[in-house]
Amino acid sequence: MQITAAVVRERSAPFILEKLDLCDPRPDEVIVRVVASGMCQTDLHGRDGYFASPYPAVYGHEGAGVVHAVGSAVRALAPGDHVVMSFPWCGTCPNCQQRKYCYCVHGRRLKMHGTRADGSTLMAKDGAPVYSAFFQQSSFGTYALTQERYAVKVRKDAPLEALGPLACSGQTGAGAVLNAMQPQPGDSLAIFGVGAVGLSALMAAKIAGCDPIVAVDVHAHRLALARELGATDVIDHSGRDKVAEDVRAVAPGGVRYALDTSAQPGVFREAIEALMPGGTCVLLGSAPPGTDVAIEMPFLQQGRIVRGVVQGESLPNDFIPRLVDFVVAGKFPIQKMIKFYDFGDINLAAHESSAGIAIKPVLRIG
Ligand SMILES: [Zn+2]
Ligand SMILES: [Zn+2]
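Given the structure is predicted, the values throughout are model-derived calculations rather than measurements. (Residues numbered from 1 in each chain as written. Chains lettered and ligands numbered in written order. Predicted model: local features only at pLDDT ≥ 70, side-chain atom pairs only at ≥ 80, totals over all residues. Heavy atoms only, no water.)

Caption draft 1: Quick peek at the state of the cysteines. Here the structure, examined in full by the defined rule, presents zero disulfides. Between Cys210, a cysteine without a disulfide, and Cys281, which holds the nearest cysteine sulfur, the sulfur-to-sulfur distance is 14 Å. (Disulfide = S-S within 2.5 Å.)

As structure tokens, then:
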């Protein structure tokens, strides 16, 4: 079928809306009419060549839409269902066998390779391949093809155009808290970097009853939104280098949980130094390969845990509907961090995302 998609023709080139051909679904695949798609830094990293994936390419991995067509073996979905498209996994590697899908050993290839697992391409222009299958979805198009198991059915009374970000930034932040940390009511938590991931973590921390919830950032507008979404205390990091002490002024002895979304070694170290004995610091930010951080050994010895978390360690088919319930109940007001753009303004959305003007850009596509 013919679709319109945002194509990047070469490294760091602008997105261009083009008419492309999308192949038919295989038995276990579905075609989704994309209603809206969030934009995440990973899309722009793809555009800019971070993953050595081929061009021309179509990105987008926070798609929400309506099932348009299903393959012959699809049972869980039917045309007309509302879905959020989540991250891919292989299903057979040692981690997938233990349902640790976020740590699928083939995950990176499935996300970044531009093709299905078997190397076949999904889109073409005048017969020439266009590499898509980004996170096995490429949601920057009017229609997207994905596997049945990656398309999560969601309730129809939820605001579909706002749900795409739950697929990546939403479940990354909220899952780090609700799945990985699992705090008790009254546990202290500090979030370093309150962009879309950090704010999602913050809303989850409020749901979990964390207190205090400390938000650290360098952008005043983000800190203001963090306060609105439940931060009990905010710290402006700009021009300061002893932020761990500031956190300890709010939470004497340190916090039980700290979260870093900045991926900057200096900030990550401050997040670790803000911990109380026995506390846990979770790293969510993606730093370039080769980035190191130093930790004082006696400090770590006091039961402190430092660990990374990917995709919120969520099982998308369970966790995304749970987050949607929170959205409908008004407990996870994701709309407050979203700035909507028309599909044709995708380059403006990319610019305003990189410039920190838009916390979570969402493209209205169809
Ligand atoms: Zn796997
Ligand atoms: Zn993402």
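And the narrative resumes.
Caption draft 2: Inspection of the coordination of the zinc ion (ligand 2) at higher detail. Around the zinc ion (ligand 2), the donor atoms from the protein are Cys40 (SG), His61 (NE2) and Cys168 (SG), and they sit 2.1 to 2.3 Å away. In terms of primary sequence, the donors binding the zinc ion (ligand 2) are separated according to C-x20-H-x106-C. Of this pair, Cys40 sits in the loop between strand E3 (29-38) and helix H1 (41-47) while His61 sits in the loop between strand E4 (57-58) and strand E5 (63-70), and the two are 21 residues apart along the sequence. (Donors = N, O, S within 2.8 Å, 3.2 Å for Na, K, Ca; no water. Helix = DSSP H or I, 4+ residues; strand = E, 2+ residues; numbered from the N terminus.)

Caption draft 3: Highlighting the sheet that holds strand E1 (residues 2-8). The strand order across the open sheet formed by five strands is E4-E1-E2-E7-E8, and the pairing between neighbours is antiparallel. The open sheet is flanked by E4 and strand E8 (128-130), the only strands paired with a single partner. Direction of pairing for E1 relative to E4: antiparallel, over a ladder of two bridges. Paired with Val7 across the strands is Val58, a residue of E4. (Pairing = 2+ DSSP bridges.)

Caption draft 4: Region of interest: the nonpolar core. Of all hydrophobic cores here, the largest spans 55 residues; its most connected members are Leu163, Leu189, Leu199, Leu202 and Phe332. With eight residues, the single largest contributor to this core is helix H5 (residues 196-208). Among residues more than four places away in sequence, those in contact with Leu199 are Val194, Leu225, Ala226, Leu229, Met337 and Ile359. Within the second largest apolar cluster, 54 residues are counted, among which are Met39, Trp89, Tyr101 and Tyr143. (Core = buried A, V, L, I, M, F, W, Y, C linked by side-chain atoms within 4.5 Å. Buried < 20%, exposed > 50% of the residue type's maximum accessible area, 1.4 Å probe, protein only. Contact = heavy atoms within 4.5 Å.)

Caption draft 5: Fine view of the pattern of salt bridges. With the rule as written, the count across this model stands at 16 salt bridges. As a salt-bridge pair, Lys153 and Asp81 come within 3.8 Å of each other at their nearest N and O atoms. One end of the pair, Lys153, is in strand E10 (residues 151-153); the other, Asp81, is in the loop between E5 and strand E6 (82-85), and 72 residues separate them in sequence. The salt bridge involving Glu161 is made with Arg364; its shortest N-O contact spans 3.0 Å. A residue pair is termed long-range when its members are at least 10 positions apart, and Glu161 in the loop between E10 and helix H4 (169-181) and Arg364 in strand E18 (residues 360-364) qualify at 203 residues. Classification of Arg364 as partly exposed rests on a relative accessible area of 38%. What you see here is one network of salt bridges that share partners, running through Arg9, Glu18 and Lys125. (Salt bridge = Lys/Arg side-chain N within 4 Å of Asp/Glu carboxyl O.)

Caption draft 6: Focus on the coordination of the zinc ion (ligand 1). Every protein donor of the zinc ion (ligand 1) is accounted for by Cys90 (SG), Cys93 (SG), Cys96 (SG) and Cys104 (SG), and the metal-donor separations fall at 2.3 to 2.4 Å. Between the four donor atoms coordinating the zinc ion (ligand 1), the angles at the centre fall across 104 to 118 degrees, so the site counts as tetrahedral. Read in sequence order, the donor residues for the zinc ion (ligand 1) give the motif C-x2-C-x2-C-x7-C. Across the pair, exposure class does not vary: Cys93 and Cys96 are buried alike. (Tetrahedral: all angles 85-135°; square planar, octahedral: opposite > 155°, others 65-115°.)

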